[in-house]
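Residue-level listing of the chains:
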Amino acid sequence: MAEDLQKKVAELKDQGNRALTSGNTQEAIRLYGEAIKIDPTNHVLYSNRSAALAKASNYELALVDAEKTVELKPDWVKGFSRKGTALSFLGRHEEAKMAYEEGLKLDPENQQLKDGVKDAQAHLTGPAGSQPIGGNPFAAPGIMKRIETDPRTKGFLAQPDYMEKLKQLQQNPQALGNHLQDPRIMTTLSVLLGVDLQQAREEDMDQRSSPPAKDEPEPMEEEEEEELTDAQKEAKEEKKKGNEAYKKKDFETAIQHYDKAIELDADDITFLTNKAAVYFEMDRLEDCIKESEKAIERGREVRSDFKLIAKAFFRIGQAYFKQENYKDAITYYNKSLTEHRTPEALKKCQEAEKLRKEREENAYVDPEKAEEEKALGNDLFQKGDFPNAVKHYSEAIRRNPGDAKLYSNRAACYTKLAAWELGLKDCDECVRLDPKFLKGYLRKGAILQAMKQWGRAQDVYSKALDIDPNHQEANEGYKKCLQTMSQDPEEIKKRAMADPEVQNIMSDPAMRVILDQMQNEPGALNDHLQNPEIRAKIQKLMESGLIQIR
């Protein structure tokens, strides 16, 4: 980049920084944008604009700039910090945590990233790492009704000191640490969060760290022993027999034992969810859904642990997924996640969403309608109405996403609109679909020239010439790149240093000494050329254009 343009970029960046510091975020965004137009590969500019956009509460665009920062400079920690911040503001805390963790791989001691991970985790899990929470649980709407209707807490309301503590916690949740020794407060928190904080019971063996082998059926829920009636003890024994039969894939016997357990103790919904799991393995999916619905209904009545309710919703989601009914599967996976967030449910929900999207896109494909939209786009392009041409080309792509020419046409519109990044994306998709489609390379080369990325443009025109060595536009583009690069020392240096071999030579301390000697003592060149290894390295630097010998 020419020196005057570099100064202009630095000036705009400084002005943007001052505007941001003074609170004029919109002016800062504008100034950073002007600088990006001149230097679209400067990762710092995108990072600064991301910060300004976040400050202006435009978190979607802040995320776009943060992702561009990471793309341009993947080894720069601040890019991941910006990305994590934008994702956090968007409420996408799982992804924010991942972004911060990626940054910590580069700088494990970065306190800002560590704090980001901690903050994201706080939004994902409750105090025992058990369920999503947000804000102050003691100040949530309707808490007094929940305390009054729950038999574990309703008696506390008549105790003045309890009411005083509750009032303190509603005003300042940080005061919780002062009341952890009060069993009434811990019981109240258990009711509000839906989890027993004083007795961490593990009722679901699916939460084990190692997944089951592929040829094994889904594991059953188990429970720790507590004080039970004779009927409950007998029910547990029946469940144990059912689990053993299940593991042997003796499903009919397993159902018989679970049915006996249900007759003996109708309040334990693990018998119902285990029975649903058997039906799932037997491909009796409607029965699986019905048993899971019974478990949810009964679980609500007897206030079962939210983890068990979540498991029942998850089983319904699994049944719909197996039926390839992805819409309903997503609905029930989300219900499961609302009750209790687990990586397994989140992963399955994302998988179902992806498959549903693919199905909908495939159902929408219609090559004939794509041609109609393409014709409309062509007509608008000829009239100079590029924004509406983009709309029709985009609809054509949705109708026929495998047609490379459609991406090429839309890239031409983006070029006219100076939307370089979008144009490049379409050109890349175009040549991916059809590696021999010459026009895709020509459009990409033209965009890179407009962005003054001469080295990349030269490579693209070179690929075009591999397809048609005599193509006039490709030849002219290639020559223009060579001519421009030969006149721009910075571009020559940038392109040369992109070569790993050149990087190794220039990072060699001995070669640095030799190059200094050649510059200060021209007569030393002849001595160094006597060494074949050094001569080869000097020849490589000359070929790259990094040094010249007269």
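Residues numbered from 1 in each chain as written. Predicted model: local features only at pLDDT ≥ 70, side-chain atom pairs only at ≥ 80, totals over all residues. Heavy atoms only, no water.

1. Quick notes on the UniProt feature "domain: STI1" (unreviewed entry) in the chain
For step 1, the next point in the chain: This chain's UniProt record puts "domain: STI1" (unreviewed entry) on residues 140–179 and 499–538.
For step 2, the next point in the chain: Overall, residues 499–538 shows 80% helix and 0% strand. The separation of its end C-alpha atoms is 14 Å. (UniProt positions renumbered as here; feature names shortened; annotations may be inferred. Helix = DSSP H or I, 4+ residues; strand = E, 2+ residues; numbered from the N terminus.)

2. A word on unusual backbone geometry
For step 1, the next point in the chain: Unlike most non-glycine residues, Ala 418 shows phi in positive territory, near 60 degrees.
For step 2, the next point in the chain: Residue placement: Ala 418 occurs in the loop between α20 (404–416) and α21 (420–433).
For step 3, the next point in the chain: Positive phi, normally seen in glycine, also occurs at Lys 452, with a value near 60 degrees.

3. Quick word on the nonpolar core
For step 1, the next point in the chain: The biggest cluster of nonpolar side chains holds 37 residues, and the ones touching the most others in it are Tyr 246, Val 278 and Tyr 333.
For step 2, the next point in the chain: Among the elements that take part in this core, helix α15 (residues 306–322) stands out by supplying 9 residues, more than any other.
For step 3, the next point in the chain: Look past the residues within four positions of Val 278 in its chain and what remains in contact with it is Tyr 246, Phe 251, Ala 254, Ile 255 and Tyr 258.
For step 4, the next point in the chain: In terms of nonpolar packing, the next biggest core, distinct from the first, is built from 27 residues, Ala 52, Ala 96, Ala 99 and Leu 104 among them. (Core = buried A, V, L, I, M, F, W, Y, C linked by side-chain atoms within 4.5 Å. Buried < 20%, exposed > 50% of the residue type's maximum accessible area, 1.4 Å probe, protein only. Contact = heavy atoms within 4.5 Å.)

4. Considerations on the environment of Asn 475
For step 1, the next point in the chain: Here Asn 475 shows up in helix α24 (residues 472–487).
For step 2, the next point in the chain: The spacing of Asn 475 and Ala 464 is 11 residues in sequence and 8.8 Å in space, taken between C-alpha atoms.
For step 3, the next point in the chain: Each residue touching Asn 475, except ones within four places of it in the same chain, is listed here: Leu 465, Pro 469 and Asn 470.

5. Details of the pattern of salt bridges
For step 1, the next point in the chain: Counted by the stated rule, this structure contains 33 salt bridges.
For step 2, the next point in the chain: Notably, a salt bridge pairs Lys 68 with Glu 421, separated by 3.0 Å at the nearest N-O pair. One end of the pair, Lys 68, is in helix α4 (residues 59–72); the other, Glu 421, is in helix α21, and 353 residues separate them in sequence.
For step 3, the next point in the chain: Taking relative accessible area as the criterion, Lys 68 reaches 11% and is therefore assigned buried.
For step 4, the next point in the chain: Residue Glu 421 is classed as partly exposed on the basis of its relative accessible area, which comes to 34%.
For step 5, the next point in the chain: Close ionic contact of Arg 341 with Glu 94 constitutes a salt bridge, the shortest N to O distance being 3.5 Å. Highlighted residues: Arg 341 in the loop between α16 (326–339) and α17 (343–364) and Glu 94 in helix α6 (residues 93–106), separated in sequence by 247 residues.
For step 6, the next point in the chain: Classification of Arg 341 as partly exposed rests on a relative accessible area of 31%.
For step 7, the next point in the chain: Overlapping salt bridges, with partners in common, bring together Asp 259, Lys 275, Glu 291 and Lys 294 in one network. (Salt bridge = Lys/Arg side-chain N within 4 Å of Asp/Glu carboxyl O.)

6. Some words on a negative patch on the surface
For step 1, the next point in the chain: A surface patch of negative charge is lined by Asp 230, Glu 234, Glu 237 and Glu 244.
For step 2, the next point in the chain: As for its placement among the helices and strands, Glu 234 is situated in helix α11 (residues 230–247). (Patch = residues over 30% accessible without salt bridge, like charges linked within 9 Å, V, L, I, M, F, W, Y side chains within 5 Å. Areas by Shrake-Rupley, 256 points an atom, 1.4 Å probe, with all protein chains shown as cover. Lys, Arg positive; Asp, Glu negative; His and termini not counted. Charge placed at Lys NZ, Arg CZ, Asp CG, Glu CD.)

7. Side note on the confidence of the model for the chain
For step 1, the next point in the chain: This prediction gives the chain a mean pLDDT of 83; 86% of its residues lie at or above 70.
For step 2, the next point in the chain: pLDDT under 50 marks residues 126–134. Its contacts with residues more than four places away, or in other chains, come to 25 contacts.
For step 3, the next point in the chain: Segment residues 195–217: pLDDT under 50, and 42 contacts once partners within four positions in sequence are set aside and those in other chains are kept. (pLDDT = per-residue confidence, 0-100.)

8. Looking at the UniProt feature "repeat: TPR" (unreviewed entry) in the chain
For step 1, the next point in the chain: Mapped onto this structure's residue numbering, the UniProt feature "repeat: TPR" (unreviewed entry) falls at residues 9–42, 77–110, 235–268, 310–343, 370–403 and 438–471.
For step 2, the next point in the chain: Across residues 77–110 one finds 79% helix and 0% strand; the C-alpha atoms that close the span lie 9 Å apart.
For step 3, the next point in the chain: As annotated, residues 438–471 comprises 79% helix and 0% strand, and the C-alpha atoms at either end are separated by 9 Å.

9. Some words on helix α13 (residues 270–281)
For step 1, the next point in the chain: With 12 residues, α13 ought to run about 16 Å at 1.5 Å a step, and its terminal C-alpha atoms sit 17 Å apart, in line with that.
For step 2, the next point in the chain: For α13, the buried fraction is high: 11 of the 12 residues fall into the buried class.
For step 3, the next point in the chain: Among the residues making up α13, those that are buried are Thr 270, Phe 271, Leu 272, Thr 273, Asn 274, Lys 275, Ala 276, Ala 277, Val 278, Tyr 279 and Phe 280.
For step 4, the next point in the chain: Elements that come into contact with the buried residues of α13 comprise α11, α12 (251–264), α14 (285–301) and α15. (Expected span 1.5 Å × (residues − 1).)

10. Let's talk about the packing of aromatic side chains
Any aromatic ring pair is given by two values, namely how distant the centres are and how the planes are angled relative to each other.
For step 1, the next point in the chain: According to the stated counting rule, one finds 8 aromatic pairs in the structure shown.
For step 2, the next point in the chain: Judged by centre distance (5.4 Å) and plane angle (65 degrees), the rings of Phe 321 and Tyr 326 are edge-to-face.
For step 3, the next point in the chain: Among the aromatic residues, those joined into a cluster by ring pairs are Phe 313, Tyr 320 and Tyr 332.
For step 4, the next point in the chain: We note Lys 335 situated over the ring of Tyr 332; from NZ or CZ to the ring centre the distance is 4.7 Å.
For step 5, the next point in the chain: In this structure, Lys 348 is placed above the aromatic ring of Phe 321, and the distance from its NZ or CZ to the ring centre is 3.8 Å. (Phe/Tyr/Trp six-rings, centres within 6.5 Å; stacked < 30°, edge-to-face > 60°. Lys NZ or Arg CZ within 6 Å of the ring centre and 35° of its normal.)

11. Structural notes on the packing of α11 against α12
A packed helix pair is summarised by two numbers, namely the angle formed by the two axes and the spacing between the axes.
For step 1, the next point in the chain: Interaxial distance between α11 and α12 falls to 8 Å at its minimum, and their mutual angle equals 165 degrees. Taken as axis vectors, α11 and α12 run roughly antiparallel relative to one another. Regarding α11 and α12, the two cross each other, and that crossing is left-handed. Residue-level contacts link Ala 231, Glu 234, Ala 235, Glu 238, Lys 239, Lys 241, Gly 242, Asn 243, Ala 245 and Tyr 246 of α11 to Phe 251, Thr 253, Ala 254, His 257, Tyr 258, Lys 260, Ala 261 and Leu 264 of α12.
For step 2, the next point in the chain: Considering only residue class, the contact of α11 with α12 consists of 9 nonpolar, 4 polar and 5 charged. (Axes fitted to C-alpha atoms, helices over the stretch in contact; angles between N-to-C directions. Parallel < 35°, antiparallel > 145°, perpendicular 65-115°, else oblique. Left-handed = near helix turned anticlockwise from the far one by under 90°. Nonpolar A, V, L, I, M, F, W, Y, C, P; charged D, E, K, R; others polar.)

12. A short note on the environment of Met 506
For step 1, the next point in the chain: By the secondary structure assignment, Met 506 is in helix α26 (residues 500–506).
For step 2, the next point in the chain: Note: C-alpha distance between Met 506 and Lys 537 (31 residues apart in sequence) is 9.6 Å.
For step 3, the next point in the chain: Ignoring anything within four residues of it in the chain, the contact list for Met 506 reads Met 497, Arg 512, Leu 515, Leu 541 and Leu 546.

13. With respect to α14
For step 1, the next point in the chain: With 17 residues, α14 should reach 24 Å at 1.5 Å per residue; the first-to-last C-alpha distance of 25 Å fits that figure.
For step 2, the next point in the chain: Those residues of α14 lying buried are Leu 285, Cys 288, Ile 289, Glu 291, Ser 292, Ala 295, Ile 296 and Gly 299. End-on view of α14: buried residues confined to an arc of 165 degrees, all on one side of the axis.
For step 3, the next point in the chain: The inward-facing, buried residues of α14 contact α13 and α15.
For step 4, the next point in the chain: In the stretch just after α14, Arg 303 is the one whose phi turns positive, near 55 degrees. (Arc of directions from axis to C-beta.)

14. Let's talk about the packing of helix α27 (residues 509–520) against helix α29 (residues 532–544)
For step 1, the next point in the chain: The geometry of α27 relative to α29 is characterised by a closest axis approach of 12 Å and an angle of 70 degrees between their N-to-C directions. By the angle between their directions, the pair α27 and α29 is classed as roughly perpendicular. For the pair formed by α27 and α29, the contact residues are Met 511, Ile 514, Leu 515 and Met 518 on the first element and Ile 534, Lys 537, Ile 538 and Leu 541 on the second.

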